[in-house]
Amino acid sequence: MMKKNEGDGQKGETAIEGFASLCSVLAVGLFVLTFVFQNFVIPSSSMASTLLVGDHVLVDRASLAPPESWAPFVQHRDVRRGEVVVFFKPPTEANGEHIFLVKRVIGVPGDRIHLRHGIVYLNGVAQDEPQAAKPTYANYNAYRDDFPSVPPPENFGVKAEWTVDLPSHLEGEDLVVPPESYFVMGDNRTNSTDGRYWGFVPRANIVGRPLFVYWSFPTPEEIDKTALLEKASFTMHEIVHFFDETRWRRTFHVVK
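Residues numbered from 1 in each chain as written. Predicted model: local features only at pLDDT ≥ 70, side-chain atom pairs only at ≥ 80, totals over all residues. Heavy atoms only, no water.

For the chain, the helix and strand inventory stands at 6 helices and 13 strands. Here the chain, with 256 residues, has 38% of them falling under the buried criterion. Sequence separation of at least 24 residues holds for 63% of the intrachain contacts in the chain that already meet a minimum separation of 6. Summing over all exposed atoms, the chain offers an accessible surface of approximately 15,200 Å²; the carbon and sulfur share of this is 60%. (Helix = DSSP H or I, 4+ residues; strand = E, 2+ residues; numbered from the N terminus. Buried < 20%, exposed > 50% of the residue type's maximum accessible area, 1.4 Å probe, protein only. Contact = heavy atoms within 4.5 Å. Areas by Shrake-Rupley, 256 points an atom, 1.4 Å probe, with all protein chains shown as cover.)

Overall, the coordinates contain 16 aromatic pairs when judged by the stated rule. Note on Tyr143 and Phe147: the rings are 5.7 Å apart at their centroids and 90 degrees apart in plane angle, and the pair reads as edge-to-face. No difference in accessibility class separates Tyr143 from Phe147, as the two residues are buried. Ring centres 6.2 Å apart and planes at 70 degrees place the aromatic pair Phe183 and Phe200 in the edge-to-face group. (Phe/Tyr/Trp six-rings, centres within 6.5 Å; stacked < 30°, edge-to-face > 60°.)

For the rest of this paragraph, the subject is the sheet that holds strand β9 (residues 174–176). In spatial order, the strands read β7-β6-β5-β9-β8; together these 5 strands make up an open sheet with antiparallel pairing. Only two strands of the sheet have a single partner each, and these edge strands are β7 (125–126) and β8 (170–171). As judged from the 4 bridges shared by strand β5 (residues 112–116) and strand β6 (residues 119–122), these two strands associate in the antiparallel manner. The residue bridging Leu115 from the neighbouring strand is Val120, located in β6. (Pairing = 2+ DSSP bridges.)

With respect to the helices, strands and loops of the structure, Thr50 is situated in the loop between β1 (37–41) and β2 (55–60). Aside from chain neighbours lying at most four places away, what touches Thr50 is Arg104, Gln131, Asp187, Arg250, His253, Val255 and Lys256.

Right, let's get into the nonpolar core. Counting residues in each nonpolar core, the largest one holds 28 residues, and the members touching the most others are Phe87, Ile113, Trp162, Phe183 and Ile206. Where this core is concerned, the elements lending two or more residues are β3 (84–88), β4 (100–107), β5, β6, β10 (181–185) and α4 (195–198). Of the residues forming this core, the biggest block, 4 residues, is contributed by β10. Phe40, Leu51, Val57 and Val213 belong to the second-largest nonpolar core, a separate cluster that totals 12 residues. (Core = buried A, V, L, I, M, F, W, Y, C linked by side-chain atoms within 4.5 Å.)

If you trace the backbone, His56 turns up in strand β2. Contacts of His56, omitting those with residues within four sequence positions, involve Asn39, Phe40, Val41, Phe212, Val213, Tyr214 and Trp215.

The subject of this paragraph is the pairing of β6. Here β6 shows one buried face, formed by Val120 and Leu122, and one open face, formed by Ile119 and Tyr121. Between β6 and β7, which pair antiparallel and follow one another directly, the connecting turn spans 2 residues, one of which, Asn123, has a positive phi of 50 degrees.

This model, assessed by the stated rule, comprises 13 salt bridges. Of the charged contacts, one joins Lys225 and Glu222 as a salt bridge, the two residues approaching to 3.8 Å between their closest N and O atoms. Because the salt bridges share partners, they merge into one network encompassing Asp55, Arg247 and Arg250. (Salt bridge = Lys/Arg side-chain N within 4 Å of Asp/Glu carboxyl O.)

As structure tokens, this is what we get:
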């Protein structure tokens, strides 16, 4: 029987080939993280209890993005009424900063919307929204909970631009959603600065939709707006208490 030469068969990978393979993996990973998925951390309680402060969610950036000729393999679709979306807050901040927000789509173009005692009426039909917090007698607010029947009061956090623009979108008791725009609200209706305060979300502002929670850790509200030293202290707290304070039951919690 002839002995097979050691040099026969598949040759080992050279250092250059190995480096090229690593670069290919990194390039694919960078593409996926840049154009397909994005990490997003929930900073406030406006979407409780669907999403909690400190939930880290994976956002699908591809399916709601405008179709691109160079990516025909990506299945694009329109924004759907009732789904949760991530978007740039309108209007842009005075310093030019773009702020990411996450809310639920209540109305799509052409929809007629009004609230009565916190209940959403969509095209004349009261909506059953078990996930949405309703106002109580103690915390009722006419502008917020009977929107848009009451003019916004002064010093209530309503954007000046929206105060001026709002009447042009009213037909009877309803707010009518214009083309290429969406009306959104947080599920925590009594503690959510949403479309009632700054208006419609342009289609171009929508970044994607959160798929699931991949990590959740109890976090102070709006920690991203605190001083650098406080942020550093909380980061150390996360490291030390990763195992005992992580909300493991929320891992892979599907956002819907």
